[in-house]
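# Remarks on the overall topology
Each chain is listed here by its residues.
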Amino acid sequence: MSTARKLVIAIDGPAGSGKSTIAARLAKKLGYVNLESGAMYRALALKAMERQVSLDDGEALRELADGTAIELEPRGEGNRVLLDGRDVSQRIRDTDVTAAASRVSIHPRLREVMVGRQRELGLDGGVVMEGRDIGTAVFPNADVKIFLDADESVRAERRVLQDGSHSPEKAQRVLAELTARDQRDRTRLASPLAAAPDAVHIDTTHKSIDDVVAEVEQLVKKVDRR
Ligand code: DC
């Protein structure tokens, strides 16, 4: 499927709701660029950890971000992420960076920098951008806004399966981490994880990836015809 116009498609939702997979598949089908905004927070968090910049110091983090190049290179599934030219695609998925990304992302000054860069990346349209505040703060005028969600236990289970090995202890730990991160992402003052009033909600708990992609494609078609 191709679209007549180069649209901006915003996909938001909590961890494990299916954002990354759905965004990547949809972008491929449309011939669009898939951009993972969370990878930018993850990369910056990694640099802060390496430089021993406090994750609680918003101003220092903003300064750090000002002097940092973060590139997202779209690939088949997900993005290759370059931090000052270094490939950190794998490292930023580790649990320590995951927790740190959630912590750095609460700071409004840092978010200003990130949101500005994300807007630039989507300026020409033809993008599927996924994150927490894409439909609310980054592209409030996005052509299509989707908010994905799923039951917490299912989202945790998906994360466990993604990592390969499975054990009851690991499942419990992942669920606890996910709950803590959700809580922080939803309750922070600056652009908390929330659905835009005009976003279409899709609960992916009992749906296959193909079903969700097809549903979003229908929404895109409708908007494209307008
Ligand atoms: O989508 P993700 O799990 O890679 O995101 C990592 C963290 O970055 C997440 O805990 C919250 C933050 N984030 C954000 O605040 N705004 C976004 N648009 C994307 C991610």
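We now turn to the structure provided with this report.

### Looking at the site of the ligand
In the region of the ligand, 15 residues are neighbours, and Arg42, Arg111, Arg132, Asp133 and Arg188 sit closest. A distance of 2.8 Å separates an oxygen atom of the ligand from a polar side-chain atom of Arg132. Side-chain polar atom of Asp133 to a nitrogen atom of the ligand: 2.8 Å apart, as the coordinates give it. Burial of the ligand by the surrounding chains reaches 96%, relative to a free accessible area of 440 Å². Of all elements in the fold, only helix H2 (37-51), helix H4 (95-104) and helix H8 (168-187) reach the threshold of two or more residues within the shell around the ligand. Considering only residue class, the shell around the ligand consists of 3 nonpolar, 5 polar and 7 charged.

### A short note on the nonpolar core
As a rule of thumb, nonpolar side chains are buried together in soluble globular proteins. Leu44, Ile70, Val81, Ile92, Met114 and Phe139 are the most contacted members of the largest nonpolar core, which has 36 residues in total. It is H2 that provides the largest number of residues to this core, a total of 8 residues. Not counting residues within four places of it along the chain, the set of residues in contact with Ile92 comprises Ala39, Arg42, Ala43, Leu46, Val81, Val97 and Thr98. Leu7, Ala23, Leu30 and Val213 belong to the second largest nonpolar core, which has 20 residues in total.

### Digging into the sheet that holds strand E6 (residues 127-131)
Strands sit in the order E2-E6-E1-E7-E8 across an open sheet of 5 strands; the sheet is parallel. One side of each edge strand has no neighbouring strand; the edge strands of this open sheet are strand E2 (33-36) and strand E8 (200-203). Across the sheet, the axes of successive neighbouring strands diverge by a mean angle of 20°, strand direction being ignored. In this structure, strand E1 (residues 8-12) lies alongside strand E7 (residues 144-149), joined through 4 bridges in parallel fashion. Bridge pairing in E7 links Ile9 to Val144. Against the sheet, H2 touches E2 and E6, its axis set at about 40° to E2. In the packing of helix H5 (residues 108-122) onto the sheet, contacts are made with E1, E2 and E6, and the angle to E6 comes to roughly 160°.

### Considerations on the pairing of strand E4 (residues 79-83)
When you tally the buried positions in E4, you get 4 out of 5 residues, the bulk of the element. The pairing of strand E3 (residues 70-74) with E4 spans 5 bridges and is antiparallel. The residue bridging Glu73 from the neighbouring strand is Arg80, located in E4. The hairpin formed by E4 and strand E5 (residues 86-87) contains 2 residues between the paired strands, and Asp84 there has a positive phi angle of roughly 45°.

Cut-offs applied
- Residues numbered from 1 in each chain as written.
- Predicted model: local features only at pLDDT ≥ 70, side-chain atom pairs only at ≥ 80, totals over all residues.
- Heavy atoms only, no water.
- Near = heavy atom within 4 Å.
- Polar contact = N/O pair within 3.5 Å; in protein donor to acceptor, adjacent residues only side chain to side chain.
- Areas by Shrake-Rupley, 256 points an atom, 1.4 Å probe, with all protein chains shown as cover.
- Helix = DSSP H or I, 4+ residues; strand = E, 2+ residues; numbered from the N terminus.
- Nonpolar A, V, L, I, M, F, W, Y, C, P; charged D, E, K, R; others polar.
- Core = buried A, V, L, I, M, F, W, Y, C linked by side-chain atoms within 4.5 Å.
- Buried < 20%, exposed > 50% of the residue type's maximum accessible area, 1.4 Å probe, protein only.
- Contact = heavy atoms within 4.5 Å.
- Pairing = 2+ DSSP bridges.
- Axes fitted to C-alpha atoms, helices over the stretch in contact; angles between N-to-C directions.

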